[in-house]
Amino acid sequence: MSNKMKKEEIETLRELIRDVDTAMLTTATEEGLVSRPMKTQEVEFDGDLWFFTKKATDKYEEILHNQDVNVAYVGKSYVSVRGKAEIVEDTDKKKEYWSKVHEKIMQTSYDDPNVILLKVNAEAAEYWESGNLIKKIAYYYKRLTGQDSKSTDINETLELND
């Protein structure tokens, strides 16, 4: 973990994304933002998110030019994580996270030089808990009627860097 997060912030984020297999990774292109589904690696979250991909993809080129990314999760709650992406080509790290599922999906092995890991160093996260129906109704009512919806407090923001 390269960033300085508080233990309770890491734990909160870990709990929110724990059972969500697929995230939406957003990168920046010359034309604008692009999102695509990515399978999060089953690694205990410590401030970094990990994904497998290949060099022969648009996202690889996009990250080479702009490391700012966003990762969104939808599960028990809604979570948006902002961070910096890093390309990792370490064969031992790829082997550590590799599984038979990856082999089938990517139709290759972890030691293929085209296979890389994307490491997203989380900088901040925002989440909306889906369990509070009353707050949600109040929030949407206020938004629809043009009233200030800030007082409903249905989301929380975590700044993960000091």
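Data block above holds the structure.
Residues numbered from 1 in each chain as written. Predicted model: local features only at pLDDT ≥ 70, side-chain atom pairs only at ≥ 80, totals over all residues. Heavy atoms only, no water.

A. Up close: the nonpolar core. Grouped together as the largest cluster of nonpolar side chains are 25 residues, with contacts concentrated most on Leu 49, Phe 51, Val 71, Tyr 73, Val 79 and Val 81. Counting only elements with at least two residues in this core, the list comes to α1 (7-17), β1 (22-28), β3 (48-54), α2 (58-65), β4 (68-74), β5 (77-88) and β6 (115-129). Broken down by element, this core gets its largest block of residues, six residues, from β6. Those residues within four positions of Tyr 73 in sequence are excluded, and the remaining contacts are Ile 17, Val 20, Thr 22, Ala 23, Thr 40, Leu 49, Phe 51, Tyr 78 and Val 79. Listed in part, the eight residues of the second largest apolar core include Trp 50, Phe 52, Val 115 and Leu 117. (Core = buried A, V, L, I, M, F, W, Y, C linked by side-chain atoms within 4.5 Å. Buried < 20%, exposed > 50% of the residue type's maximum accessible area, 1.4 Å probe, protein only. Helix = DSSP H or I, 4+ residues; strand = E, 2+ residues; numbered from the N terminus. Contact = heavy atoms within 4.5 Å.)

B. Quick peek at the packing of aromatic side chains. If you walk through the whole model with that rule in mind, you get two aromatic pairs. Relative to Trp 98, the ring of Phe 52 lies with its centre 5.0 Å away and its plane at 90°, an arrangement referred to as edge-to-face. Of this pair, Phe 52 sits in strand β3 while Trp 98 sits in the loop between α3 (91-97) and α4 (100-106); the two residues are 46 residues apart in sequence, bridging distant segments of the chain. Take Phe 52 and Trp 98: they sit in the same class, and that class is buried. (Phe/Tyr/Trp six-rings, centres within 6.5 Å; stacked < 30°, edge-to-face > 60°.)

C. Quick peek at the pattern of salt bridges. Counted by the stated rule, this structure contains nine salt bridges. Across the pair Lys 84 and Asp 68 runs a salt bridge, and its minimum N-O distance is 2.4 Å. Taken as a pair, Lys 84 in strand β5 and Asp 68 in strand β4 lie far apart in primary sequence, 16 residues in all. Taking relative accessible area as the criterion, Asp 68 reaches 39% and is therefore assigned partly exposed. (Salt bridge = Lys/Arg side-chain N within 4 Å of Asp/Glu carboxyl O.)

D. Layout of the environment of Glu 42. Within the secondary structure, Glu 42 sits in the loop between β2 (33-39) and β3. Along the chain, Glu 42 and Trp 98 lie 56 residues apart, while their C-alpha atoms are 9.9 Å from each other.

E. The layout of surface pockets, seen in detail. The computed volume of the largest pocket comes to approximately 250 Å³. Around the largest pocket sit 15 residues that line it, and Ile 17, Arg 18, Thr 40, Gln 41 and Val 43 are the ones nearest its centre. Ranked by the residues each element gives to the lining of the largest pocket, the list is headed by β3, at three residues. Considering only residue class, the lining of the largest pocket consists of seven nonpolar, two polar and six charged. Of the volumes computed, that of the second largest pocket is approximately 190 Å³. (1 Å grid on protein atoms, 1.4 Å probe; cavity = no way out; pocket = protein on both sides within 12 Å on 5 of 7 lines; lining within 4 Å. Points joined across faces, edges and corners; volume = space filled by probe spheres on them. Nonpolar A, V, L, I, M, F, W, Y, C, P; charged D, E, K, R; others polar.)

F. View of the pairing of β4. Judged by which residues are buried, β4 turns out to be one-sided: Val 69, Val 71 and Tyr 73 face inward and are buried, whereas Asp 68, Asn 70, Ala 72 and Val 74, on the alternate face, are not. Judged from the three bridges that link them, β1 and β4 form a sheet pairing that is antiparallel. Looking across to β4, one finds that Met 24 is bridged to Ala 72. Where β4 lies against β5, seven bridges are found, and the strand directions are antiparallel. (Pairing = 2+ DSSP bridges.)

G. Summary view of the side chain of Thr 108. Examined against the element boundaries, Thr 108 turns out to sit in the loop between α4 and β6. Given a relative accessible area of 16%, Thr 108 falls into the buried group. Of the polar contacts made by the side chain of Thr 108, one reaches the side chain of Asp 112; its length is 2.7 Å. In contact with Thr 108, other than residues within four places in its own chain, are Lys 54, Trp 98, Glu 103 and Val 115. (Polar contact = N/O pair within 3.5 Å; in protein donor to acceptor, adjacent residues only side chain to side chain.)

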